[in-house]
Amino acid sequence: MTRKLTVKYYVEPNPAALARRAASHFVEMAEEAVSAQGRARIAISGGATPEAAFRLLADPNHEFIARMPWEQLDVFWVDERCVPPTDAASNYRMTREALLDLVPLRPAQIHRIEGELAPEVAAARYESDLRNTFRLEGAESPRFDLIALGMGEDGHTASLFPGTAALHEMSLLAAANYVPQKDSWRVTLTWPLINHARSVFFLVAGAEKAAILNEVLTGPHDPERLPSQLIWPSGGILTLILDEAAAALLPHAGGQRCGVFERER
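Note that the structure is predicted; figures quoted are calculated from it, not measured.

1. Comments concerning the overall build of the chain
Line of reasoning, step 1. If you tally the helices and strands in the chain, you get eight helices and 11 strands.
Line of reasoning, step 2. A compact globule built from 265 residues would reach a C-alpha radius of gyration of about 18 Å, and the chain, at 17 Å, matches this within 12%.
Line of reasoning, step 3. In terms of overall dimensions, the chain has C-alpha extents of about 45 × 45 × 35 Å along its principal axes.
Line of reasoning, step 4. Per-residue burial over the chain gives 53% buried out of 265 residues.

2. Focus on the packing of aromatic side chains
Line of reasoning, step 1. Taken as a whole, this structure holds eight aromatic pairs when the rule is applied.
Line of reasoning, step 2. Measuring from ring centre to ring centre gives 5.5 Å for Phe26 and Phe201, while their planes differ by 80°; the resulting arrangement is edge-to-face. With Phe26 in helix 1 (residues 15–37) and Phe201 in strand 9 (residues 200–204), this pair connects stretches of sequence that are 175 residues apart.
Line of reasoning, step 3. Residue classification places Phe26 among the buried positions, given a relative accessible area of 3%.
Line of reasoning, step 4. Over the face of the ring belonging to Phe134 we find Arg41, whose NZ or CZ atom lies 4.8 Å from the ring centre.
Line of reasoning, step 5. Against the face of Tyr92 rests Arg112, its NZ or CZ located 5.5 Å from the ring centre.

3. With respect to the environment of Gln256
Line of reasoning, step 1. Checked against the element boundaries, Gln256 lands in the loop between helix 8 (244–247) and strand 11 (258–264).
Line of reasoning, step 2. The partly exposed category is assigned to Gln256, whose relative accessible area is 47%.
Line of reasoning, step 3. Considering only alpha carbons, one finds Gln256 and Glu244, 12 residues apart in sequence, at a separation of 9.9 Å.
Line of reasoning, step 4. In contact with Gln256, not counting residues within four places along its chain, are Tyr9 and Val11.

4. Quick look at unusual backbone geometry
Line of reasoning, step 1. Backbone geometry places Arg135, a non-glycine residue, at a positive phi of 55°.
Line of reasoning, step 2. On the basis of relative accessible area, Arg135 is assigned to the exposed category, the value being 72%.
Line of reasoning, step 3. For Ala158, which is not glycine, the phi dihedral falls at a positive 50°.
Line of reasoning, step 4. Look at Ala158 and you get buried, because its relative accessible area is 8%.

5. Details of the layout of surface pockets
Line of reasoning, step 1. Counted as a void, the largest pocket has a volume near 630 Å³.
Line of reasoning, step 2. What lines the largest pocket is a set of 32 residues, among which Gly46, Gly47, Arg81, Gly150 and His156 lie closest to the centre.
Line of reasoning, step 3. Elements with a contribution of two residues or more to the lining of the largest pocket: helix 2 (48–57), strand 4 (79–81), helix 4 (91–98), strand 6 (146–149) and strand 9.
Line of reasoning, step 4. If you tally residues by element for the lining of the largest pocket, the top one is helix 2, at three residues.
Line of reasoning, step 5. Considered class by class, the residues forming the lining of the largest pocket number 14 nonpolar, 10 polar and eight charged.

Cut-offs used in this document
Residues numbered from 1 in each chain as written. Predicted model: local features only at pLDDT ≥ 70, side-chain atom pairs only at ≥ 80, totals over all residues. Heavy atoms only, no water. Helix = DSSP H or I, 4+ residues; strand = E, 2+ residues; numbered from the N terminus. Rg over C-alpha atoms; globule rule 2.2 N^0.38 Å. Buried < 20%, exposed > 50% of the residue type's maximum accessible area, 1.4 Å probe, protein only. Phe/Tyr/Trp six-rings, centres within 6.5 Å; stacked < 30°, edge-to-face > 60°. Lys NZ or Arg CZ within 6 Å of the ring centre and 35° of its normal. Contact = heavy atoms within 4.5 Å. 1 Å grid on protein atoms, 1.4 Å probe; cavity = no way out; pocket = protein on both sides within 12 Å on 5 of 7 lines; lining within 4 Å. Points joined across faces, edges and corners; volume = space filled by probe spheres on them. Nonpolar A, V, L, I, M, F, W, Y, C, P; charged D, E, K, R; others polar.

Listed below in structure tokens is the structure:
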């Protein structure tokens, strides 16, 4: 059976415009969720590219901070390194410094992965938090309103790295994943959960990502080597927010700032 995917893309000319586009997308999706169901639940990724968007969301001189429905928001993480929350490598620490300490979110609205614990324990506790927050029963999967992803130069996304065990995890919501390439443990949301979200987007910047982005989107299906190819949202729509350098090799962009193309497999 053929499965189709509609890819919506936005290409921005510089880092400031990219951050504005990403921040705007966060706010718009949160507003839509709150309007529809009274609450917005989002999962975010770490890294320098989303950090710029987080700082813009927290900027008291920008409209975003007033527009974001902070009181109705729950913030989760797509993945985390197995380090303490004070460690410089912690995704939580980056987000806390760039955003959380500067906006009106209560502790109960912030659902971090406890990277300081043993990996399997941290994953189990995070899965329990997900089940409790979303009030899941049995084998139900949480449906996030928005999941924000990045993409590595090796084609990984979240902490789903090439050749790692978590690529084959179909039943857990959160998995402990040893990454030999980094000689480190991570905790990550699993790809079936990510694909169940109402909205999923990749935020990708830099010329070093151009080749892998093009291969993920237009190359042969090989998710063991290119885990980002596992991201195929059940709703049939995937959004890309890119800078010009990352989008340079995409045949569909053609110099346009936004557009749509179809994929199938």
